[in-house]
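A look at the structure
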Amino acid sequence: MDLGLEGKSAIVTAASRGLGLATARSLAREGVNVTMNARSADALEEAAAGVRADFGVEVKTVAADFNTDEGRAALIETAGETDILVNNPGVRQVPTPYDEISAEDWRYWLEVHFLSSVDMIQRVAPGMKERKFGRIVNMSVSFIKFPQVGFAHSHAARLALSGATAAMVRELIGSNVTINTVCPGLFDTDALHTNLHGHAKRGNTTYEAIVQNRIETCPAGRFADPSECGDLIAYLC
């Protein structure tokens, strides 16, 4: 299926691996020129080289922390005119009891899961509105629909983003600018397996047992492939 995106330009954050890389690849397959961002320069350049080789599109890279003002400014400057923005925080966390979450923790996770994405939207949306085309996708998690113990700070910030963007899009949709939030479940990524190892350690069980338990909760009987998320996001664009 031709999604009509050839020649468009996109920013994808946390794009050196996992769902971010899968998204960059799915967009590139449709002929989208991609600016890829991640904190690790080596991993980012390796991922970008693969996208260039496989799809022949223009790929720019920005090795910077998306969760800092400086990182976002560098990303916007390098990308230039942007038609598609995929906000993917790409930050892992471990469960924290609610009474151990400090004021600093609350501020940090609000920056990671809310303020960074809102800032990026505010930077690119005016140009999208002027050109009468824009697609913004925020990467969240399925757990915002049924919050998990130990993640109060993360869920609060993610829900804030969903609420804010639901209001923003009402100001933008008349100019053919959309905002969607994707809430992935269990995808077969390094981040998932790192989390499962942590759950096994904290639960005094084996990694294999945790994996089997999680797979049994999946209606498909398997972890999803990252490309499935990337293709969904490309479709939304």
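The paragraphs below set out a description of the structure included in this document. Small disclaimer: the values here were computed from a predicted structure and weren't measured.

Here's the deal with the nonpolar core
By size, the foremost hydrophobic cluster in this structure holds 31 residues, and its most contacted members are Leu27, Met36, Ile84 and Ile233. Broken down by secondary-structure element, the contributors of at least two residues to this core are β1 (9-12), α1 (18-29), β2 (33-38), α2 (41-55), β4 (84-87), β5 (134-139) and α8 (226-236). With 5 residues, α1 is the largest single contributor of residues to this core. What Leu27 contacts, discounting residues up to four positions off in sequence, is Leu5, Ala10, Val12, Val32, Ile84, Val86, Ala234 and Cys237. Phe114, Met128, Ile136 and Leu161 belong to the second-largest nonpolar core, a separate cluster that totals 22 residues.

A look at the sheet that holds β4
Strand order in the open sheet formed by 6 strands is β3-β2-β1-β4-β5-β6, with parallel pairing between adjacent strands. Edge positions in the sheet fall to β3 (59-63) and β6 (177-182), since each has one partner strand and no second. The sheet shows a mean angle of 15° between the axes of neighbouring strands, taken without regard to direction. When β4 meets β5, the two strands line up parallel, connected through 4 bridges. What sits directly across from Val86, in β5, is Val137.

A short note on the packing of helix α3 (residues 69-79) against helix α4 (residues 103-131)
Packed helices, taken two at a time, are described by the angle their axes make and the gap between the axes. Remark: α3 packs on α4, axes separated minimally by 11 Å, with the N-to-C direction vectors making an angle of 35°. The hand of the α3/α4 crossing is right-handed. Between α3, through Asp69, Arg72, Ala73, Leu75 and Ile76, and α4, the contact on the second element is made entirely by Glu111, Ser116, Asp119, Met120, Arg123 and Val124.

Re unusual backbone geometry
Positive phi, normally seen in glycine, also occurs at Lys132, with a value near 65°. Of note, Lys132 is situated in the loop between α4 and β5. If you check the backbone angles, Asn176 has positive phi at about 65° while not being a glycine. As for its placement among the helices and strands, Asn176 is situated in the loop between α5 (152-172) and β6.

Focus on empty space enclosed by the protein
The tally for this structure, following the rule as stated, stands at 1 cavity of 30 Å³ or more. Taken together, Pro89, His113, Ser117, Met139, Ser140, Arg158 and Leu161 form the lining of the largest cavity. When residues of the lining of the largest cavity are traced back to their parent elements, those giving at least two are α4 and α5. Its residues placed into classes, the lining of the largest cavity shows 3 nonpolar, 3 polar and 1 charged.

Notes on α1
Residues three or four positions apart in an α-helix share a direction because the helix packs 3.6 residues into each turn. The end-to-end C-alpha distance of α1, which contains 12 residues, comes to 17 Å, matching closely the 16 Å that a straight helix rising 1.5 Å per residue would cover. Counting buried positions over the 12 residues of α1 gives 9, a clear majority of the element. Those residues of α1 lying buried are Leu19, Gly20, Leu21, Ala22, Thr23, Ala24, Ser26, Leu27 and Ala28. Elements in contact with the buried residues of α1: β1, β2, α2, β4, β5 and α8.

Criteria and cut-off values
- Residues numbered from 1 in each chain as written.
- Predicted model: local features only at pLDDT ≥ 70, side-chain atom pairs only at ≥ 80, totals over all residues.
- Heavy atoms only, no water.
- Core = buried A, V, L, I, M, F, W, Y, C linked by side-chain atoms within 4.5 Å.
- Buried < 20%, exposed > 50% of the residue type's maximum accessible area, 1.4 Å probe, protein only.
- Helix = DSSP H or I, 4+ residues; strand = E, 2+ residues; numbered from the N terminus.
- Contact = heavy atoms within 4.5 Å.
- Pairing = 2+ DSSP bridges.
- Axes fitted to C-alpha atoms, helices over the stretch in contact; angles between N-to-C directions.
- Left-handed = near helix turned anticlockwise from the far one by under 90°.
- 1 Å grid on protein atoms, 1.4 Å probe; cavity = no way out; pocket = protein on both sides within 12 Å on 5 of 7 lines; lining within 4 Å.
- Points joined across faces, edges and corners; volume = space filled by probe spheres on them.
- Nonpolar A, V, L, I, M, F, W, Y, C, P; charged D, E, K, R; others polar.
- Expected span 1.5 Å × (residues − 1).

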